[in-house]
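Residue-level structural notes
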Number of protein chains: 2
Amino acid sequence: MWKPDRQSKQPLFQQIADDLERRISYGEFPPGSLLPSERKLAEQLGVNRSTVIMAFAELRSLGIIESQIGSGTRVSKYKWGVTPKHTPNWHRYAEGGSFLPNVPFLRRIREALGQRPSLIDFASGELAANLSPIDEITTLMNENQYTAYLGYDNPQGYVPLRQTLVSYLRQYRGIQTTESSILITSGSQQSLYLITQCLLSPGDAVAIEDPSYCYSLPMFQSAGLQLFRLPVDCKGIRPDDIRSLYKKHRIKMVFINPNFQNPTGTVLDSERRIQLLNVASELGLPIVEDDPFSLTAYDGTPPLPLKSMDPIGSILYIGSFSKIAASGLRIGWMIAPHSVVERLADARQQMDFGLSVFPQQVAGQFLKSPFFDPHLERLRMQLLFKRDVLIEALQRELPGLVEFTVPQGGLHLWCKLVPEIHDGKLLEEAIRRGVVFVPGSVYGSDSGFVRFTFARPDTEEIVSGISKFAEALRSIIN
Amino acid sequence: MWKPDRQSKQPLFQQIADDLERRISYGEFPPGSLLPSERKLAEQLGVNRSTVIMAFAELRSLGIIESQIGSGTRVSKYKWGVTPKHTPNWHRYAEGGSFLPNVPFLRRIREALGQRPSLIDFASGELAANLSPIDEITTLMNENQYTAYLGYDNPQGYVPLRQTLVSYLRQYRGIQTTESSILITSGSQQSLYLITQCLLSPGDAVAIEDPSYCYSLPMFQSAGLQLFRLPVDCKGIRPDDIRSLYKKHRIKMVFINPNFQNPTGTVLDSERRIQLLNVASELGLPIVEDDPFSLTAYDGTPPLPLKSMDPIGSILYIGSFSKIAASGLRIGWMIAPHSVVERLADARQQMDFGLSVFPQQVAGQFLKSPFFDPHLERLRMQLLFKRDVLIEALQRELPGLVEFTVPQGGLHLWCKLVPEIHDGKLLEEAIRRGVVFVPGSVYGSDSGFVRFTFARPDTEEIVSGISKFAEALRSIIN
Ligand SMILES: Cc1ncc(COP(=O)(O)O)c(C=O)c1O
Ligand SMILES: Cc1ncc(COP(=O)(O)O)c(C=O)c1O
């Protein structure tokens, strides 16, 4: 006789419900017939009675069986005549699947923002609408024809955009490359996704910063990767940690965000950069350099990427249009050896058949237009201004209760809360008062931190948002 | 002592190369030191000497070891001074990863088209540039502002496009739905991808048509699904086959393309539609209905989808802008219970952070514009005309050598070759003569078929393409 599999990831009650459903559908228990009692079934299957009760509840919710007090559980005669009819158990399908859902805090934040769009949003890691170059892009779109071709795009991405990026990368990032080494992606997010799916296998060990944006992404776990931590101090990660992780766990890849790191704002120290490149070349270890924030450097001198000093090619470089211009275009890029670019482009065809041509055209036009430099200039000044408004508000509202290092670029402030608090409770109290932020634990092992994105709310919102936040914090420490 | 694992999917020589690399990096064999001989290592590891030779060759290509005739194999002292430096073995990374590469024939076709854009293309399943509504879309773009918002989009897709789709689906597809049940995707391709990744688990059994577009997609295998076949005859699939597959393999989902099926052009018979819906509801089995071609019905009366007669909600419906207007916008849609839509939208955030706003705006504007109906009318007439040009050319050039059912809609002709031929040889001969098509075996178990897409080449290309194809075919049957 069939028994549930205790090694399986599927809960016992579901396995039992599945088995019963199968036996019913095969006619072993015809419509109207009596099922064995819960007690008897539990004995036969070697499980607790409560497990069978849950399996019965599941089948009842699907309309497959009916229970009446005193007369046991029967196979339904069904509502719609002789033929049994049931809707697929969509709930179970939606719960299943190998790809993991988002982390609960982020789903909670999205839900709160969906229900109450007036919430002051320190959580979404993006620019305010008025920091995006809307007028400039409108002008460019009126001047240019964007519709000459509407067929499937080149799998590596639109050729003119790749050509523009070759100059852009040379001029702004000190990187020499060719258009055949560039893959256009739907933002850095898709670059990271393609790397985890196509260059790594389940069980592979990788190292990521702690804290790190990567911890907010179940994509690493969905790909079955083992994650190891590289603690970030005020100078970034310590390259020696990579060597020890390699020795112990044979890590296959390292993911870092060296310039104005999300969430800490840290810039990797220049000595450590050299050490890092040495470790990488010593071990033949690929480093993924995620570099979305550099051009926001408030003083106008962006730190150069590791990729600009990578003679032997250890670095996969990822850039994005999102944090310097507009996240809604979904344009990012990766620089990699051609064999890697080809592999990722080929796989991406399976996933979404490539990118839309329009936003690629628009992004390319903008990057090479005379609007780009003045836009960057304005962006930097406004971010700096908002950062200062945030810092002032925090110092005014929460003197002695918060600590932080002042970031010199990027969209975020990483803020330590001096009193010990419960992340989830603070978030709920804040939402109740009309403000959201991201609890630090989303980004790694440290709790007791908060990430404030100051790029999105306007200055008034920053001020009133921090005052609401302060109320929320005080309410739970008292 | 370590031994290679013969059960592993990784070749023995690579395991050995990996192990040696690790031992070298740990200092077991310092730079300049002598490695054991090939013969000795082969004995120790219990493998053939040729396997060790391959492992050494691999390490040599990475610059990790050096061999000199007569003096054995040594760990390199490295080219760049004392510290060993090596480039990551990108080739091995690109070969790895859990996501499978495209099927070889399709990669060959893409490569051929890349090298020689003048090839006559019966392979790419899309519309010719002049069948896309380029002028209409240009006009709409000039009339409308597309840049009011450039932030991250709603995870389910742009709200106004979803609203437009609610009317579109009612009016053109007989489907009643609401905007919260719609997910906008990067074409049908992304809908299929999200379903396989998020609603199914590795090991799950699913049923697909044979032949079917799905067989051309390694995404099903990449998701670890077991595929079972539903043979397609001139009336489509036989619903009873689903029942038997369910009994035998407990299939979890069925994928079909009932209207002008890719590649056969078949329309599922109306009696079988009812049976299919009955089987689905009897078994509580979800049916994925992929419906990109219906509106191309040459007689102007598109078959209605299964979804229009699905009272209990067994159907996940997928539509696309690609085959009726423009594939390059990458706009598709899925209709599903809200819990499913939410789950897929959440996962998609991880993969690419959602779609670009522009193409969604453009597609929405076009679908509700007065341009849409005249465009469809013109599209149908031109497709019908091209179909007839193709059929005439085939009958003239290859009388008695080809057989087909004349399709009443869609972009493709599914053509049986009467002589027995070798798929790959025919493709190479055709490429040599300047024409590409898709070998039938890409779509399932039948070889001896060819899929000709007649929507993309113009009429002159169709005529000369078939004459080249005929030469290629004759060259290999003689
Ligand atoms: C470090 C980092 N990488 C990648 C991303 C993804 O951004 P996008 O896909 O919009 O480029 C973000 C967004 O917050 C980020 O902070
Ligand atoms: C049956 C079918 N489904 C899905 C697709 C994917 O098309 P798209 O992603 O452009 O909508 C195709 C393309 O050939 C197809 O033929």
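Analysis parameters
- Residues numbered from 1 in each chain as written.
- Chains lettered and ligands numbered in written order.
- Predicted model: local features only at pLDDT ≥ 70, side-chain atom pairs only at ≥ 80, totals over all residues.
- Heavy atoms only, no water.
- UniProt positions renumbered as here; feature names shortened; annotations may be inferred.
- Contact = heavy atoms within 4.5 Å.
- Buried area = accessible area lost by both parts, 1.4 Å probe.
- Salt bridge = Lys/Arg side-chain N within 4 Å of Asp/Glu carboxyl O.
- Helix = DSSP H or I, 4+ residues; strand = E, 2+ residues; numbered from the N terminus.
- Nonpolar A, V, L, I, M, F, W, Y, C, P; charged D, E, K, R; others polar.
- 1 Å grid on protein atoms, 1.4 Å probe; cavity = no way out; pocket = protein on both sides within 12 Å on 5 of 7 lines; lining within 4 Å.
- Points joined across faces, edges and corners; volume = space filled by probe spheres on them.
- Pairing = 2+ DSSP bridges.
- Disulfide = S-S within 2.5 Å.
- Buried < 20%, exposed > 50% of the residue type's maximum accessible area, 1.4 Å probe, protein only.
- Core = buried A, V, L, I, M, F, W, Y, C linked by side-chain atoms within 4.5 Å.
- Expected span 1.5 Å × (residues − 1).
- Polar contact = N/O pair within 3.5 Å; in protein donor to acceptor, adjacent residues only side chain to side chain.
- Domains from an automatic or database assignment.

Taking an unreviewed UniProt entry as the reference, chain A is identified by name as PLP-dependent aminotransferase family protein belonging to Paenibacillus gyeongsangnamensis. The record held by UniProt for chain A lists under Sequence similarities (unreviewed entry) the comment "In the C-terminal section; belongs to the class-I pyridoxal-phosphate-dependent aminotransferase family."

**Thoughts on the interface of chain A and chain B**
Each partner contributes residues to the interface: chain A has 99 residues there, and chain B has 99 residues. The three residues of chain A that bury the most area against chain B are A:Trp90, A:Tyr93 and A:Gln350, which together make up 10% of that side's buried surface. Counting every contact that joins chain A to chain B gives five salt bridges. Taking the shortest distance from any N to any O, the salt bridge between B:Arg250 and A:Glu21 comes out at 4.0 Å. Here the side of chain A that touches chain B gets nine residues from one element, more than from any other, and that element is helix 12 (residues 338-352) of chain A. Partitioning the side of chain A that touches chain B into residue classes produces 48 nonpolar, 34 polar and 17 charged.

**Describing empty space enclosed by the protein**
In this structure the tally under the stated criterion is nine cavities of 30 Å³ or more. In this structure, the largest cavity occupies an estimated 150 Å³ of space. Along its surface, the largest cavity is lined by 19 residues, and A:Leu355, A:Ser356, B:Ser186, B:Leu355 and B:Ser356 are the ones closest to its centre. Tallied by class, the residues present in the lining of the largest cavity amount to eight nonpolar, seven polar and four charged.

**A look at the pairing of strand 6 (residues 226-233) of chain A**
All names here are of chain A. As judged from the six bridges shared by strand 5 (residues 205-210) and strand 6, these two strands associate in the parallel manner. Across the sheet, Ala205 pairs through a bridge with Gln226, a residue of strand 6. When strand 6 meets strand 7 (residues 236-237), the two strands line up antiparallel, connected through two bridges. Residue Val232 lies in a different strand from strand 7, and its bridge partner there is Ile237. Hairpin connection from strand 6 to strand 7: two residues lie between these consecutive antiparallel strands.

**Here we look at the state of the cysteines**
Residues and elements named next belong to chain B. Scanning the entire structure with this criterion turns up zero disulfides over all chains. A disulfide-free cysteine, Cys234 has its sulfur positioned 17 Å from the sulfur of Cys415, the nearest such atom. A residue is classified by how much of its surface remains accessible, and Cys234, at 68% relative accessible area, is exposed.

**Digging into the nonpolar core**
Generally speaking, a soluble globular protein has its nonpolar side chains buried in company with each other. Counting residues in hydrophobic clusters, the biggest one holds 209 residues, and the most contacted among them are A:Phe452 and B:Phe452. When near neighbours in sequence (up to four residues on either side) are disregarded, B:Phe452 contacts B:Phe122, B:Leu390, B:Leu394, B:Leu411, B:His412, B:Leu413, B:Cys415, B:Phe437, B:Ile466 and B:Phe469. In terms of nonpolar packing, the next biggest core, distinct from the first, is built from 66 residues, A:Leu183, A:Val341, B:Phe255 and B:Ala347 among them.

**What about the pattern of salt bridges?**
Enumeration according to the criterion identifies 47 salt bridges over all chains in this entry. The partner of A:Arg92 in a salt bridge is A:Glu58, with the nearest N and O atoms 2.7 Å apart. Note that A:Arg92 is positioned in helix 4 (residues 90-95) and A:Glu58 in helix 3 (residues 49-61), a separation of 34 residues in sequence. A:Glu58 carries the same exposure label as A:Arg92, and that label is buried. In this structure, B:Arg380 engages B:Glu377 in a salt bridge whose closest nitrogen and oxygen atoms are separated by 3.4 Å. Taken together, the residues B:Arg380 and B:Glu377, both in helix 14 (residues 372-397) and three residues apart, mark about one turn of the helix. Residue classification places B:Arg380 among the buried residues on the basis of a relative accessible area of 11%. In this structure, a network of salt bridges that share partners links the residues A:Asp18, A:Glu21, A:Glu58, A:Arg92 and B:Arg250.

**Remarks on helix 11 (residues 270-283) of chain A**
Residue and element names in this part refer to chain A. Here helix 11 is 14 residues long and its end C-alpha atoms lie 20 Å apart, about the 20 Å a rise of 1.5 Å per residue gives. Every buried residue belonging to helix 11 is among Arg272, Arg273, Leu276, Leu277, Val279, Ala280, Ser281, Glu282 and Leu283, and all of these are buried. Between a side-chain oxygen at the N-terminus of helix 11 and the backbone nitrogen of Glu271 the separation is 3.1 Å; the capping residue is Asp269. Two residues or fewer past helix 11, Gly284 is found with a positive phi of approximately 60 degrees.

**Things to note about the domain arrangement of chain A**
Many structure descriptions define interface size as the accessible area lost when the parts assemble. If you check the domain split of chain A, you get domain 1 (12-95), domain 2 (104-131 + 374-477) and domain 3 (145-369). Summarising the inter-unit geometry, the C-alpha centres of domain 1 of chain A and domain 3 of chain A are found 50 Å apart.

**Digging into the sheet that holds strand 10 (residues 315-320) of chain B**
Hydrogen bonding along the main chain pairs the strands of a sheet, whether they run parallel or antiparallel. Residues and elements named next belong to chain B. Taken in spatial order, the eight strands make up an open sheet running 4-11-10-9-8-5-6-7, and their pairing is mixed. Here the strands that pair on one side only, and so sit at the sheet edges, are strand 4 (182-185) and strand 7 (236-237). Bridge analysis of strand 5 (residues 205-210) against strand 8 (residues 253-256) gives three bridges, and the strand direction is parallel. By the bridge assignment for strand 8, Ile208 is matched with Phe255.

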